[in-house]
Amino acid sequence: MGGLKEVLYLLFHPNQLRAIIQWKVWHEPVYQRDPSKEAPTLQACFKFLNMTSRSFAAVIQELNHDMLIPVALFYLVLRGLDTIEDDMTISAQVKEPMLRNFYKNLKADGWTFDGNGPDEKDRELLVHFDDVIAEMKKIKPNYYDVIEDITIKMGNGMADYALNAEFLAGVVTVAEYEEYCHYVAGLVGEGLTRLFVEGGYANPALLERPELTESMGQFLQKVNIIRDVHEDFEDARRFWPKDIWGKYVDKWEDLFDPKYRTQALHCSSEMVLNALKHADECLFYMAGIKEQSVFNFIAIPQTMAIATLDLVFQNPKIFYSHIKITKGDACHLMTQSTQNLRVICDVFRRYARRIARKNDPRDPHYLEISMALGKIEQFIETLYPSQNVKQVKALHAEKVNDSESAEFWESLMLVAAVLFFLLLVSALMLGVAWAMGARWDTIINTGSISSVKDAAAKITAKINHGEL
């Protein structure tokens, strides 16, 4: 039934169907993985990669051959860590030491774990984690060191949060919220940046600007947390900080009550505002990537995130269902994201303007959101000004031509106005003379001035002046 519904949807949305066909038929990866040359353990790793995340698996498998395996293993190691952290059937007392010591398992040949709950979706990865360990031993030492270091940091952070969630029932402050996003996503950005710099595929200056790397991870994680709020609520998890939602409702459950829908939307607007502050730094980060397959890998999730932010903004569905961008939109975004930074900036500008159109003046965060969106557009303008030198010169020449043309017509109108004024004055003078007794009809009837003189001579001849 779901397949029929999707077919009907695409029939009535031909643009979506076209985007899917364009991606499936005409997309040519920069690099392609060759499974025939892989060991069985590496093939198993890619099988689990496809099982745990289809979206990330697709972009990872199009990376260049030097980055392909390290990034895939990095993802699987952190996914294994996350699988333990997410499993609510494991008590905090058991979970905490497992998270803190997880990095040690990377050197333990044959280590596996089957203690996850039966419903944990990625439990199979840990059941066969020995395949990941076998491949980790084969990568370059500098890549291994990066993965191990990030695993240590993330494991400790997740352990701290697991204890906090057990006793404090969720995130309280915005600082705790951002700290959690740092441990589960910001550190991923740090690890990837270090891998890319080690491989020579990113500008080393990115390591000197950790706030850019942090924003990359924070933006993705915050968007996911906003989108998945209803799903997390059903799983008895709360990632929205109380410092934000407590401004609008008294109890967390009230956000999902239709009676408080307006308050819930205002709350979600503040969450969106909190995420938007990272958007311009994400674009800045992407300017430091030097290789196309790595750029594609970075850009696709970011464009998906800004599109998802537009989807959830002022959308009450996030409080009673799970929503995501359509497959057609996703394919269109992937097509655009595999080009260059200028196209990515156009995507960010387009979705920023869509969010701006939905921004409600009655929302308490209307001005702040407008300013955040304006900041994105302003940053894009600094990278790619909407006017270039040629355009400015052409515009100036056009203005000069328009000015010259305007001057000609103004002069012509001035002459016409003077002539009209002279004619008007002449007509008035003639009219006044006629009113005072001037006989213009005599001149007209006789036809000449000489006729008038002859008539005058005849009249004077009849006058007698004998006394003179």
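Residues numbered from 1 in each chain as written. Predicted model: local features only at pLDDT ≥ 70, side-chain atom pairs only at ≥ 80, totals over all residues. Heavy atoms only, no water.

Secondary structure summary: the protein chain contains 22 helices and zero strands in total. For the protein chain, buried positions account for 44% of its 468 residues. Long-range contacts, defined as pairs at least 24 residues apart, comprise 74% of the intrachain contacts of the protein chain with a sequence gap of at least 6. Total accessible area on the protein chain is roughly 25,500 Å²; 58% of this is exposed by carbon and sulfur atoms. (Helix = DSSP H or I, 4+ residues; strand = E, 2+ residues; numbered from the N terminus. Buried < 20%, exposed > 50% of the residue type's maximum accessible area, 1.4 Å probe, protein only. Contact = heavy atoms within 4.5 Å. Areas by Shrake-Rupley, 256 points an atom, 1.4 Å probe, with all protein chains shown as cover.)

Running from N to C, helix H2 (residues 14-26) and helix H17 (residues 327-337) point in directions that differ by 45°, and their axes come no closer than 8 Å. Taken together, the axes of H2 and H17 are oblique relative to one another. Helix-helix and strand crossings are classified by hand; for H2 and H17 the assignment is left-handed. Here Gln-16, Ala-19, Ile-20 and Trp-23 of H2 come into contact with H17, specifically with Lys-327, Gly-328, Asp-329, Cys-331, His-332, Met-334 and Thr-335. Counted by class, the contact of H2 with H17 contains five nonpolar, four polar and two charged residues. (Axes fitted to C-alpha atoms, helices over the stretch in contact; angles between N-to-C directions. Parallel < 35°, antiparallel > 145°, perpendicular 65-115°, else oblique. Left-handed = near helix turned anticlockwise from the far one by under 90°. Nonpolar A, V, L, I, M, F, W, Y, C, P; charged D, E, K, R; others polar.)

This brings us to the nonpolar core. Counting 128 residues, the largest nonpolar core has Phe-129, Phe-196, Trp-240, Leu-255 and Leu-309 as its most contacted members. Residues within four places of Trp-240 in sequence aside, it is in contact with Val-171, Ile-225, Ile-226, Val-229, Trp-245, Trp-252, Leu-255, Cys-267, Ser-268, Met-271, Ile-318 and Phe-319. (Core = buried A, V, L, I, M, F, W, Y, C linked by side-chain atoms within 4.5 Å.)

The backbone phi angle of Ala-236 is positive, close to 60°, even though this residue is not glycine. Locating Ala-236 in the fold gives a position in the loop between helix H12 (229-234) and helix H13 (242-245). Its identity is not glycine, yet Gln-314 carries a phi of approximately 55°, on the positive side. Structurally, Gln-314 is set in the loop between helix H16 (292-312) and H17.

Glancing now at the packing of helix H15 (residues 279-286) against H16. Across the interface, H15 lies against H16 with an axial gap of 11 Å and an inter-helix angle of 165°. Our classification of the angle between H15 and H16 gives roughly antiparallel. Between H15 and H16 lies a crossing whose hand is left-handed. Touching Cys-282, Tyr-285 and Met-286 of H15 are Phe-295, Ile-298, Ala-299 and Gln-302, all from H16.

This next bit is on the packing of aromatic side chains. As enumerated under the stated definition, the model contains 15 aromatic pairs in all. Each ring, one from Phe-196 and one from Phe-297, has its centre 6.1 Å from the other, and the planes form 80°; the classification is edge-to-face. Of this pair, Phe-196 sits in helix H10 (residues 174-199) while Phe-297 sits in helix H16, and the two are 101 residues apart along the sequence. The exposure class assigned to Phe-196 is buried, which follows from its relative accessible area of 0%. Ring centres of Phe-256 and Phe-319 lie 6.0 Å apart, and the angle between their planes is 70°; this geometry places the pair in the edge-to-face category. (Phe/Tyr/Trp six-rings, centres within 6.5 Å; stacked < 30°, edge-to-face > 60°.)

Attention now moves to the pattern of salt bridges. Evaluation of the coordinates by the stated rule reveals 29 salt bridges. In this structure, Arg-33 engages Glu-38 in a salt bridge whose closest nitrogen and oxygen atoms are separated by 2.6 Å. Of the residues examined, Glu-38 reaches a relative accessible area of 13% and is grouped as buried. The partner of Lys-153 in a salt bridge is Glu-190, and the shortest N-O contact between them spans 3.0 Å. On the criterion of sequence distance, the pair formed by Lys-153 in helix H9 (residues 141-168) and Glu-190 in helix H10 is long-range, its members being 37 residues apart. A relative accessible area of 32% places Lys-153 in the partly exposed class. (Salt bridge = Lys/Arg side-chain N within 4 Å of Asp/Glu carboxyl O.)

A cluster of nonpolar side chains, Leu-414, Val-415, Val-418, Leu-419, Phe-421, Leu-422, Val-425 and Met-429, forms an exposed patch at the surface whose accessible area comes to about 790 Å². Within the fold, Leu-414 resides in helix H20 (residues 389-435). Here Leu-414 falls in the exposed class, since its relative accessible area comes to 57%. (Patch = residues over 30% accessible without salt bridge, like charges linked within 9 Å, V, L, I, M, F, W, Y side chains within 5 Å.)

Along its 13 residues, H2 runs 17 Å from first to last C-alpha, staying within 8% of the 18 Å computed at 1.5 Å per residue. Turning to H2, its buried residues number three or more, namely Gln-16, Ala-19, Ile-20 and Trp-23. Each buried residue of H2 sits inside an arc of 95° when the element is viewed along its axis, so together they form one side. Seen from the open side of H2, the exposed residues pointing more than 90 degrees away from its buried face are Pro-14, Asn-15, Arg-18, Val-25 and Trp-26. (Expected span 1.5 Å × (residues − 1). Arc of directions from axis to C-beta.)

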